[in-house]
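Chain by chain, the residues:
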2 protein chains.
Amino acid sequence: MYALKGNIVHAPKFGEVEITENGFITIDDGRIEGIYPKLPDGFSGIHVIDYSDKLILQSFCDMHLHAPQYPMLGMGLDLPLLEWLKTYTFKTEAAFSDNEYAKRVYARLAKELVDSGTTRVCMFSSVHTDATVLLMNELEKAGITGYVGKVNMDRNSDPCIQETTEQSMRETLRWLNGCDVFTKIKPMLTPRFTPSCTNELLEWIGSLAKERNLPIQSHLSENLAEMDWVKELHPDCEQYWESYAKYGLFGERTIMAHCVHCDDREIAALKSNKVTVAHCPDSNINLASGIAPIRKMIECGVSVALGSDIAGGAHLSMTEVIASAIRASKMKRIQSEWQTEFLSVAEGYYLGTTAGAKFFGFKDGFASGDMFHAVVIDDSNMCNAKEMSVMERFERSIYLAKKEDIVAVYSDGIKIK
Amino acid sequence: MYALKGNIVHAPKFGEVEITENGFITIDDGRIEGIYPKLPDGFSGIHVIDYSDKLILQSFCDMHLHAPQYPMLGMGLDLPLLEWLKTYTFKTEAAFSDNEYAKRVYARLAKELVDSGTTRVCMFSSVHTDATVLLMNELEKAGITGYVGKVNMDRNSDPCIQETTEQSMRETLRWLNGCDVFTKIKPMLTPRFTPSCTNELLEWIGSLAKERNLPIQSHLSENLAEMDWVKELHPDCEQYWESYAKYGLFGERTIMAHCVHCDDREIAALKSNKVTVAHCPDSNINLASGIAPIRKMIECGVSVALGSDIAGGAHLSMTEVIASAIRASKMKRIQSEWQTEFLSVAEGYYLGTTAGAKFFGFKDGFASGDMFHAVVIDDSNMCNAKEMSVMERFERSIYLAKKEDIVAVYSDGIKIK
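Just so it is clear, the model here is predicted, and its values are computed rather than measured. (Residues numbered from 1 in each chain as written. Chains lettered and ligands numbered in written order. Predicted model: local features only at pLDDT ≥ 70, side-chain atom pairs only at ≥ 80, totals over all residues. Heavy atoms only, no water.)

Colleague: Can you help me understand the sheet that holds strand β15 (residues 374-377) of chain A in this one?
Modeller: Strand pairing in a sheet takes place through backbone hydrogen bonds and is either antiparallel or parallel in direction. Residues and elements named next belong to chain A. One open sheet holds the seven strands; their spatial order is β3-β2-β1-β4-β15-β16-β17, and the pairing between them is mixed. Both outer strands of the open sheet, β3 (31-36) and β17 (414-415), are each paired with one neighbouring strand and no more. With four bridges joining them, strand β4 (residues 47-58) and β15 adopt antiparallel strand pairing. The residue of β15 that forms the bridge with glutamine 58 is alanine 374. Of the strands in this sheet, β1 (2-13), β2 (16-28) and β4 touch helix α12 (residues 345-352), which is tilted by about 105° from β1. (Pairing = 2+ DSSP bridges. Helix = DSSP H or I, 4+ residues; strand = E, 2+ residues; numbered from the N terminus. Contact = heavy atoms within 4.5 Å. Axes fitted to C-alpha atoms, helices over the stretch in contact; angles between N-to-C directions.)

Below is the structure:
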């Protein structure tokens, strides 16, 4: 058992942060035991790691990102989605047929995730089975938890990366066999998106998900051209989400990224099917896709969390993604003639931490009994000229903290940075 | 005479970058002599600083920022403009009555500007004369060039910071007397904005500008509530800009920040009066003010450059402001149902460099005869797994470069970092 001492800031509810100044958070066997303004007498002997005046925050959950797009971070962003995929992205992903290359890139990605304070992920790999296992291995070694998926795509892609239907099925099974060795990183079925999977493949993935009780991740209603394309491919589906739902790919263990153009009917479907939305504001703006109506979704009771969506997103750091979500919500406010409320910093923080953690079975904020996931932020290198409250310093950290300011990271109760 | 060797990327025209790979830029007496793929024979003896494979870019121009708001960077951004001014900003600025405090904060700000590659500024100080001179001194010592203004405000402010009309005039003259010692940082008249200056004061500032041939900076049409307020205060003016124009504060040597809600008539007035617009996208979004129609302005021939507008903006780094301008333009594209073109990376770079430099009398890009202002970017700490062109590396630097990646900065021909 041990304790961390510092200014503890967590988000037990959407829109509310709880601050314990110069407080203690106690950890027992990797799990949070409690938060205290003063260490109770019974704990007087335990090891206390004193972070003094620093900020102790929940670590971040990145609910949607593409590992094989990491080498193109910050590039190609003058292109719209479908063109960007064809001329840039597929070629970048194709390079992951080389295992040595994959290992080198993924080791670097895992390190940068840890350095940035992201300890829980839902991540797309590429179609390559071996590279996917290598990715899972690098994440697990680095101490990151969550889900990774080998991508399935058997149509409408670039020949350099497209699978046959048979190959996609066979390789998915081979990949799942290789996942047993991992304890913190688990497999997630990953049909890329409706246009890149035949009906036969989607149906097979749906059966497999049911048979093995596996979670699912994909993309939904990101871009208007993409939505028109889905309508052509699935004339029987009134809306995009139905192309997943009819194959059992739209339920409680599903993450759907983007959901930019969901109307009331599609939002109601997200809610009634208990799907979690991964809102990816940086990517949606970079690719000029649109701004997801997440205020409406949240008010309707849909679970919304955040994703960096690298490399449509140009920021791996989830503090930057939270700030991006806040800015996107302000754009939405402007767009709606100031009728829609923007996200407060407290709300953005909740979406980047607690909201994602719930998908992995965590409770709210730093909750007793949950595995301990946290970052320690040292803001002493920022301009500290004026008197500031912990709340102000917390807000500033969301807007300004760089990975250099994140001086410690805990994942599953273990210090990994 | 000396030369820099590296990958030279500059923006001689809006939307075009010229790249000279492994080229040379020669500097004679602080001024650019030329750019060469190979060093001509006549220059064979000169000192060459070899930046090998690094990127040599134009340094950045920040055409609108508030120095005394630096201590509140990244804070208070859940508030709208007028409330944010009253409850947060004026109090932060009031602290600059303390000269020791001012010196400490401004030395830090000057260093961070240099570290971020900003070498030319148009900057607001506070109302405080002594602190303004201290600010100019710190900027000059750090090697930064441009304009700084003591703020005038004699109504509608917080008592902690408001001047009387007489005091504002007297202190402005005292400040101007103190400016003679500076060679790189020059004074710029700075009526805060129409609501905080009486007509008497605006008239006096207009006469002074004319008499001493001084440049002027202020705010225009940032926020709808502000615009209504100006209408009440100046019922004789059909539009906001006229409240400046009638006092001679709206001409070729004027910077107007924001211009978010300018309609066609106001845009035509900006054009015909040759006013330069400082577009501040990060700030305009943080304060949910709106998105300035800069594509339209540029098409109409208005001069548009960029400002960080700290601390409405949360980023001092102009690479982040350029990326913010690109994102804001993509929002504008979304808002206009994909009818408005977004800013390409090349266009954003032009706005953050050449467009601002022109206000200071510079020509286009790295032009022969202009004083040399440049940054050297080392992107070797980024993920360099795949083959990349210099154009791709340039784009990535705009999106991702941190001050740590800016390894050298030249201002007025002198290496200042």
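Colleague: How should the interface of chain A and chain B be read in this particular structure?
Modeller: Where the parts come together, the accessible area they lose is often given as the size of the interface. With 51 residues of chain A in contact, the opposing surface of chain B contributes 51 residues. Buried area between chain A and chain B, both sides added, is near 4300 Å², and the carbon and sulfur share of it is 61%. Looking only at chain A, the three residues that lose the most surface to chain B are A:Asp78, A:Arg327 and A:Cys383, adding up to 13% of its buried area. The interface formed by chain A and chain B contains four salt bridges. Salt-bridge contacts for B:Lys402 lead to A:Glu320; the nearest nitrogen and oxygen are separated by 3.5 Å. (Buried area = accessible area lost by both parts, 1.4 Å probe. Salt bridge = Lys/Arg side-chain N within 4 Å of Asp/Glu carboxyl O.)

Colleague: Honestly, the pattern of salt bridges in this entry has me stumped. Any pointers?
Modeller: Any two side chains of opposite charge can pair, on the condition that their charged atoms come close. Residue and element names in this part refer to chain A. Scanning the entire structure with this criterion turns up 52 salt bridges over all chains. Its salt-bridge partner being aspartate 158, residue lysine 91 comes within 3.4 Å of it at the nearest N-O pair. One end of the pair, lysine 91, is in helix α1 (residues 81-94); the other, aspartate 158, is in the loop between β8 (151-152) and α4 (165-178), with 67 residues separating them in the sequence. Using a relative accessible area of 17% as the deciding quantity, one classes aspartate 158 as buried. Here the salt bridges share partners, and the residues they tie into one network are Asp130, Glu166, Arg170, Glu171 and Arg174. (Buried < 20%, exposed > 50% of the residue type's maximum accessible area, 1.4 Å probe, protein only.)

Colleague: I'm lost on α12(A) in this one. Help?
Modeller: Residues that lie three or four places apart on an α-helix share one face, since the helix turns once every 3.6 residues. In terms of residue burial, α12(A) counts as a mostly covered element, since eight of its eight residues are buried. Within the span of α12(A), buried status applies to A:Val345, A:Ala346, A:Glu347, A:Gly348, A:Tyr349, A:Tyr350, A:Leu351 and A:Gly352.

Colleague: Is there a simple way to think about the sheet that holds strand β7 (residues 145-149) of chain A in this case?
Modeller: All names here are of chain A. An order of β5-β6-β7-β9 is seen for the four strands of this open sheet, with the pairing classed as parallel. This sheet does not close on itself; its edge strands, each paired only once, are β5 (60-66) and β9 (185-187). Averaged over all neighbouring strand pairs, the angle between strand axes comes to 25°, with direction disregarded. In this structure, strand β6 (residues 118-124) lies alongside β7, joined through five bridges in parallel fashion. When the bridges of β7 are listed, phenylalanine 124 appears paired with glycine 149.

Colleague: When you look at the state of the cysteines in this model, what are you seeing that I'm missing?
Modeller: One way to say it: the disulfide is the covalent bond shared by the sulfur atoms of two cysteines. Residues and elements named next belong to chain B. Taken as a whole and assessed by the stated rule, the structure comprises zero disulfides over all chains. Looking at the unpaired cysteine 179, the closest cysteine sulfur is the one in cysteine 122, lying at 14 Å. For cysteine 179, a relative accessible area of 4% gives the class buried. No disulfide involves cysteine 259; its sulfur sits 4.2 Å from the nearest other cysteine sulfur, which is in cysteine 262. Given a relative accessible area of 0%, cysteine 259 falls into the buried group. (Disulfide = S-S within 2.5 Å.)

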